[in-house]
Amino acid sequence: MPNNEAQSSEAPLGVHAAEKHMGAQGFVAYLAERHQAIEDALRRTQPNAGKAGEPGDGIRLDLSRYLYDPLSRFTSSGGKRTRPALCMLGAEAVGADPARALSFACAVENFQSAALIHDDIADKGELRRGEPCVHVTEGVGVAINIGDLALVNASRVVLDDATLGAETKLRLLRELTALEERTIEGQALDLGWVRDGRWNITPDDYLYMAAHKTAYYSAAVPLAAGAICGGASERQVGALREFGMSCGLAFQLQDDLLNLVGDAAAQGKDFRSDITEGKRTLAAVWALAQLDEDERAELQALLDSGTTDEGDLARTVELMRQSGAIEHVRDEARRLVDDAKGRLASADFFPKSYATLISMADFFVERLG
């Protein structure tokens, strides 16, 4: 495949020029621009009972009822489709047709479906995207199986893509399995620390967990894989991967902040749920390391209590503010975004896509929900 660094006759925009050119809302416009193509691809690649060994009508109806239809409803139930769009952006950034990355875009969205279905079971959630969680409507056992199907489909859509060569498919499947493994590692730490009542977690421990749980699959691998689909150079793939790691971690930190000090009306029942669930967020572990003994004991007791009382939740946030944790998390997210922008300088990208990438970095820390 061609080296797209050599193809481009235009030098990429400088960071400041790109910021001035587009701004954070540019990425929002990009998501809207790519949304329909992603929805169409998801519908085309959705598994169904007709592909299950050509069963008889009765079995086909049962498979649809217990497996294929619930996954189809969940996958089509919404979401910004940010991760699939990043796959397309990765291809565009190296001068390729973004449609070349659609199969991997669908793979990432299938993994997202599986992760959300399984996470809702682990967290005992009730609502997802304004609708009852899959395990609420279908039962836990059936929901686990539906999530497993989404994982299978993530690999299948890449294997079935006739536009990709065998070597490219193999490389993409390696990217996909690495993404899945890293995310599962992050989830293991997140769940295990809570289960075992662990509070001897350092800020670096948290950042490692969040990078694995969120950054790989939310930004780093989608961008890198999209570039691979587009025939990128190794330098381009590496720059996009590093950019995505920093942006993805900033994305998680912003999520943590929104849960604590964001728009309560916009988040509804999930507002400050990280406190109720005793999540080991950067704000929590930073505050525990900075507060004096009495306040540290108070904060830990609140985080361990499972409280939903608004007064208790407000007091928890106030303790975090007093420790400087809220501002520290905000500063760390901004630092990560600045770091991400610098990572792009190590390779050449097409100017419009470069500007969209810069806009994406800003969007990740400026979004309100």
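Please read all numbers here as calculations on a predicted model, not as lab measurements. (Residues numbered from 1 in each chain as written. Predicted model: local features only at pLDDT ≥ 70, side-chain atom pairs only at ≥ 80, totals over all residues. Heavy atoms only, no water.)

**Some points on the packing of aromatic side chains**
- Scanning all chains against the criterion turns up six aromatic pairs.
- Between Phe111 and Tyr217, the aromatic rings sit 5.5 Å apart at their centres with planes inclined by 80°, giving edge-to-face as the arrangement. Highlighted residues: Phe111 in helix H6 (residues 102–123) and Tyr217 in helix H10 (residues 203–229), separated in sequence by 106 residues. Comparing Phe111 with Tyr217, the two get one shared label, buried.
- Here the aromatic cluster, defined as three or more aromatic residues joined through ring pairs, consists of Phe27, Tyr30, Phe251, Phe363 and Phe364.
- For the cation-ring pair, Arg129 lies above Phe74, with the distance from its terminal atom to the ring centre recorded as 4.9 Å. (Phe/Tyr/Trp six-rings, centres within 6.5 Å; stacked < 30°, edge-to-face > 60°. Helix = DSSP H or I, 4+ residues; strand = E, 2+ residues; numbered from the N terminus. Buried < 20%, exposed > 50% of the residue type's maximum accessible area, 1.4 Å probe, protein only. Lys NZ or Arg CZ within 6 Å of the ring centre and 35° of its normal.)

**Points about the confidence of the model for the protein**
- Model confidence for the protein is summarised by a mean pLDDT of 91, while 92% of its residues fall at 70 or above.
- The weakest mean pLDDT in the protein belongs to helix H1 (residues 4–7) at 42; the strongest belongs to helix H5 (residues 82–93) at 98.
- Residue range residues 4–20 is modelled with pLDDT below 50. Its contacts to residues more than four positions away, or to other chains, number 36 contacts. (pLDDT = per-residue confidence, 0-100. Contact = heavy atoms within 4.5 Å.)

**A look at the side chain of Ser64**
- Residue position: Ser64 is located in helix H4 (residues 57–75).
- On the accessibility criterion, Ser64 (16% relative accessible area) is buried.
- Setting aside its immediate chain neighbours within four residues, Ser64 contacts Ala49, Asp69 and Pro70.

**Topic: unusual backbone geometry**
- Positive phi, close to 60°, is recorded for Lys124, a residue that is not glycine.
- A relative accessible area of 70% places Lys124 in the exposed class.
- With a phi angle near 55°, Arg129 is a residue other than glycine that sits in the positive phi range.
- Mapping Arg129 onto the fold places it in the loop between strand E1 (127–128) and strand E2 (131–132).
- Assessed through its relative accessible area of 29%, Arg129 is described here as partly exposed.

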